[in-house]
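Residue strings, one per chain:
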Amino acid sequence: MPFLTFRRAGLNLLRVPITEARLTVGRDEGCDVQLPERAIAEKHFAVQRNESRRVAFFNLALEGSRVGGRFVSGETTLADGDVIELGTHDAVFSEDKPRPRASEAEAKVSTLNLGFFGTLEDSAEVQLRIRSPRGAERVWPWNLGEATAGRDPENTIQLEDRFVSGKEATLVRAHGHLIVQAAASRNGVRVNDQLVIGAYLEVGDVIRLGETTLTVEEVSRPDALPAFILDGESEAMAQLRKHIHKLGPSPISVLILGETGTGKERVAMALHQAGPRRTRPFVVVDCTTLTEALLESELFGHEAGAFTDAKRDRTGAFERADGGTIFLDEVGELPLAAQAKLLRVLQTGQVKRVGGDAYMEVDVRVMAATHRDLEAMVAVETFREDLWHRLNGAELEVPPLRDRAGDWRLIFEQRLRARGGPTPPRLSPDADRLLDAYPFPGNVRELEKLVDRALVYREGDSIEEGDLKLRELSPRSTVPAKALALEPGDSLAMYIHRICLWTYEAHGKNAVAAAKALGIDRATLTKHLTPPPPRRG
């Protein structure tokens, strides 16, 4: 029988047989194979075996698909070995062939092509809680490196289970990941009751080997913060850490402000881990993808049959975050109608699924982030003032990289060590001086991509000035802060005019960009660029 092997960074995650029934793949929960990645379309493609026993591929993505290195916008026939690209995932098609037995070499970490890096810090304390078929429990500390589990005594973890082979699985902790792979067993490994050849794991996942369960747990220390947000020796980062320590244990909502690429989601995760909800869910909602039509289903869930594509029940983000934290990323992008629906949940603590009858109580701490000036948006009535007050229990501003004196070197060196191989190149003095003067408008995200690019372009043992490929920055107009201050006798219309004028000039007098930044249309912006008539006595 033909099958697809789904992989991520070269690691086999799932093998799915292809039959006469149509198999759909995409980000949507209604797909037969769901891959939760933004780069993948809600319904990306489908495959189906036809009467001639060939396998047909049907593209369902608006932007098309890449299959076997070629672009496909419609239908094609798959050939043995064709690779279907799916963001950081891919799927390999195989003809009717018996499943090969996994060899020991295939289970070693050295064979894994880890092209992306996880966020689990090396210093994080992780353990496996092992429960035997007879109910006995023990804890195994999961440290860096490779370990094996099976019935044979030479395994790192010996399992007394008659359904487990001599060497059942390999466990790897490397590059910020926790990985499990089937070793010399034909039975595979079950993770959260799903049969896989290998899988990337998260805290809370349950591995089943035979009748033995191994639950991934993180050993929490109340006074600890994740190291990835502590990086930096600047005063700005010291102040940020101080605020995280204060706000983490509090139940109040936090509004995280900062430019794009500064790491607002990481700050939210740090706040979550610094508080009493650290062992409960942390659910991220990307508000840039939430149209009014999608909002209720994504946030509140839906019942099967609630609308045309609702083939099964869907649990909303607030339900998934119950007892934990929900993080609304780029909340300033929500349309006004969506803001009203979100406000009701924050006021009542209740959600109702689309198509459902009953309200459900949810206990959720709310954090939100934006790169926009919400206060200015409130003034021009593009963001609800009551919602802003609900979200703004406390404000936490993430400093841009240009205000973190010298921190770029630490981040650069860490990225270089992670991506540069066993002997990473050094940064030449000229390149160092160039970067020290660079303002990093894209912040940490830009710096990380810069390191990756420099490693590709460099030719010698050092990274030179020309390897950095820095973008040329166009000067941006600035307006003194006093231009935004209210003056005696100012009307609201004058204040709105000043905000619109400042935004217009800050975007190089590009009306389209300025309107987008304010969340209004171009006609409204143009109207407010004209000064209002003076107030009469």
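Structure first, text after, so check above.
Along each chain, numbering runs from 1 in the same order as the chain's sequence is written. For a predicted model such as this one, the threshold for reporting local features is a pLDDT of at least 70, and the threshold for listing and counting side-chain atom pairs is 80 or more; totals across whole chains, interfaces and linings nevertheless cover every residue. Water and hydrogen atoms were dropped before computing side-chain values, which therefore reflect all heavy atoms in the structure.

Side note on the overall build of the protein chain
Note on conventions: DSSP H or I runs of at least 4 residues are helices, E runs of at least 2 residues are strands, and numbering of each starts at the N terminus. In terms of regular secondary structure, the protein chain is built from 14 helices and 33 strands. Contacts are assigned to residue pairs that have any heavy atoms within 4.5 Å of one another. Of all intrachain contacts in the protein chain linking residues separated by at least 6 positions in sequence, the fraction that spans at least 24 positions is 58%. Entry remark: accessible area of the protein chain is about 27700 Å², with carbon and sulfur atoms responsible for 48%. The protein chains shown are the only cover counted for residues, whose accessible areas, like all others here, come from Shrake-Rupley with a 1.4 Å probe.

Let's talk about the pattern of salt bridges
Here, a salt bridge means any side-chain nitrogen of Lys or Arg that lies within 4 Å of a carboxyl oxygen of Asp or Glu. Within the structure shown, the criterion is met by 25 salt bridges. Here Arg402 and Glu259 are joined by a salt bridge, their closest N and O atoms 2.3 Å apart. Of this pair, Arg402 sits in the loop between strand S31 (394-397) and helix H9 (407-419) while Glu259 is found in the loop between strand S23 (254-257) and helix H3 (264-273), placing the two residues 143 residues apart along the sequence. Only protein chains enter the accessibility calculation, which uses a 1.4 Å probe; a residue whose area is less than 20% of its type maximum is buried, one above 50% is exposed, and one in between is partly exposed. Given a relative accessible area of 29%, Glu259 falls into the partly exposed group. Note that Arg314 and Glu298 form a salt bridge whose closest N and O atoms lie 2.6 Å from each other. One end of the pair, Arg314, is in strand S26 (residues 314-315); the other, Glu298, is in helix H4 (residues 292-300), and 16 residues separate them in sequence. Taken together, the shared-partner salt bridges in this structure form one network comprising Arg129, Arg131, Glu137 and Glu217.

Regarding unusual backbone geometry
A positive phi angle, near 55 degrees, is found at Glu330, a position not held by glycine. Unusually for a residue other than glycine, Asn443 sits at a positive phi of about 60 degrees. The residue Asn443 is located in helix H11 (residues 443-457) in this model.

What to know about helix H12 (residues 492-506)
Taking 1.5 Å of rise per residue, 15 residues should cover 21 Å, and H12 covers 21 Å from first to last C-alpha, within 8% of that figure. Every buried residue of H12 is listed here: Ile496, His497, Arg498, Ile499, Cys500, Thr503, Tyr504 and Ala506. The elements touched by buried residues of H12 are helix H7 (374-379), helix H13 (511-518) and helix H14 (522-529). Working rule for helices: expected span equals 1.5 Å times residues minus one.

Structural notes on the sheet that holds strand S15 (residues 157-158)
Read from one edge of the open sheet, five strands run S15-S14-S16-S17-S20, paired in mixed fashion. Either end of the sheet is taken by a strand with one partner, and the two such strands are S15 and strand S20 (198-200). Both strand S14 (residues 145-150) and S15 contribute to a ladder of two bridges, which runs parallel. Its bridge partner being in S15, Ala149 is matched across the sheet by Ile157. Two strands qualify as a pair provided that DSSP identifies no fewer than 2 bridges between them.

A few points about the packing of aromatic side chains
Ring pairs are drawn from Phe, Tyr and Trp, using the six-membered ring of Trp, whenever the two centres fall within 6.5 Å, and their geometry is named by plane angle: stacked under 30 degrees, edge-to-face over 60, tilted for the rest. A complete count under the given rule lists six aromatic pairs for this structure. Considering the side-chain rings of Trp140 and Trp142, the 6.2 Å spacing of their centres and the 45 degrees angle between planes classify their relative orientation as tilted. Judged by centre distance (6.2 Å) and plane angle (15 degrees), the ring pair of Phe282 and Phe327 falls under stacked. With Phe282 in strand S24 (residues 282-286) and Phe327 in strand S27 (residues 325-329), the pair connects residues that are 45 residues apart, well separated along the chain. Note on Phe282: relative accessible area 17%, which makes it buried. For a lysine, the NZ atom is tested; for an arginine, the CZ atom; a charge sits over a ring if that atom is within 6 Å of the ring centre and within 35 degrees of the ring normal. The positively charged end of Arg22 is found above the aromatic ring belonging to Phe58, 4.5 Å away from the centroid. Seen from the ring of Tyr457, Lys469 lies directly overhead, with NZ or CZ sitting 4.7 Å from the centre.

Some details on the packing of H12 against H13
Helices that pack against each other are described as a pair by the angle of their axes relative to one another and the distance between those axes. Viewed as axis vectors pointing N to C, H12 and H13 meet at an angle of 125 degrees, and their least axial separation amounts to 8 Å. The angle between H12 and H13 falls in the class oblique. Taken as a pair, H12 and H13 cross one another with a handedness that is right-handed. Each of Ile499, Cys500, Thr503 and Tyr504 in H12 lies in contact with H13, whose residues at this interface are Ala511, Ala514, Ala517 and Leu518. Within the contact of H12 with H13, the residues separate by chemical class into seven nonpolar, one polar and no charged. In this analysis, axes come from line fits to C-alpha atoms, helices being fitted only over the stretch in contact, and the angle between any two N-to-C directions falls in the range 0 to 180 degrees. An angle below 35 degrees is treated as roughly parallel, one above 145 as roughly antiparallel, one from 65 to 115 as roughly perpendicular, and anything else as oblique. Here is the rule for handedness: rotate from the far helix to the near one, and if that takes an anticlockwise turn smaller than a right angle the crossing is left-handed, while a clockwise turn gives right-handed. Each residue is assigned to one of three groups, with Ala, Val, Leu, Ile, Met, Phe, Trp, Tyr, Cys and Pro labelled nonpolar, Asp, Glu, Lys and Arg labelled charged, and all others, Gly among them, labelled polar.

Section: the side chain of Asp90
Note on placement: Asp90 falls in strand S11 (residues 89-94). Residue contacts for Asp90: discarding those within four places in its chain leaves Thr5, Phe6, Arg7, Val83, Ile84 and Glu85.

Some points on the nonpolar core
Residues Leu299, Phe318, Ile326, Leu328, Leu342 and Leu391 are the most contacted members of the largest nonpolar core, which totals 33 residues. Those residues within four positions of Leu299 in sequence are excluded, and the remaining contacts are Val285, Leu290, Gly316, Ala317, Phe318, Leu328 and Leu342. Here, nonpolar core means buried Ala, Val, Leu, Ile, Met, Phe, Trp, Tyr and Cys residues that are tied together by side-chain atoms lying within 4.5 Å of each other. Core analysis: the second largest hydrophobic core is formed by 24 residues, Val126, Trp142, Ala147 and Val164 among them.

Quick word on the environment of Gln181
Looking at where Gln181 falls in the secondary structure, it is placed in strand S17 (residues 177-182). Residue Gln181 is classed as buried on the basis of its relative accessible area of 9%.

As for a negative patch on the surface
What makes a patch is a set of residues exposed beyond 30% relative accessible area and free of salt bridges, joined within 9 Å when like-charged and within 5 Å when nonpolar (Val, Leu, Ile, Met, Phe, Trp, Tyr). Under the convention used here, Asp and Glu are negative, Lys and Arg are positive, and both His and the chain ends fall outside the count. Charge positions come from single atoms, namely NZ of Lys, CZ of Arg, CG of Asp or CD of Glu. Negative charge collects at one region of the surface, where Asp373, Glu375, Glu395, Glu397 and Asp403 lie side by side. Turning to its location among the elements, Glu395 is positioned in strand S31.

Focus: the sheet that holds strand S5 (residues 45-49)
A sheet is described by the order of its strands in space; here five strands give the open sequence S4-S3-S5-S6-S9, paired in mixed fashion. Unpaired on one side and paired on the other, strand S4 (33-34) and strand S9 (75-77) mark the two borders of the sheet. Pairing geometry for strand S3 (residues 23-26) and S5, over three bridges, is antiparallel. Looking at S5, one finds that Val25 is bridged to Phe45.

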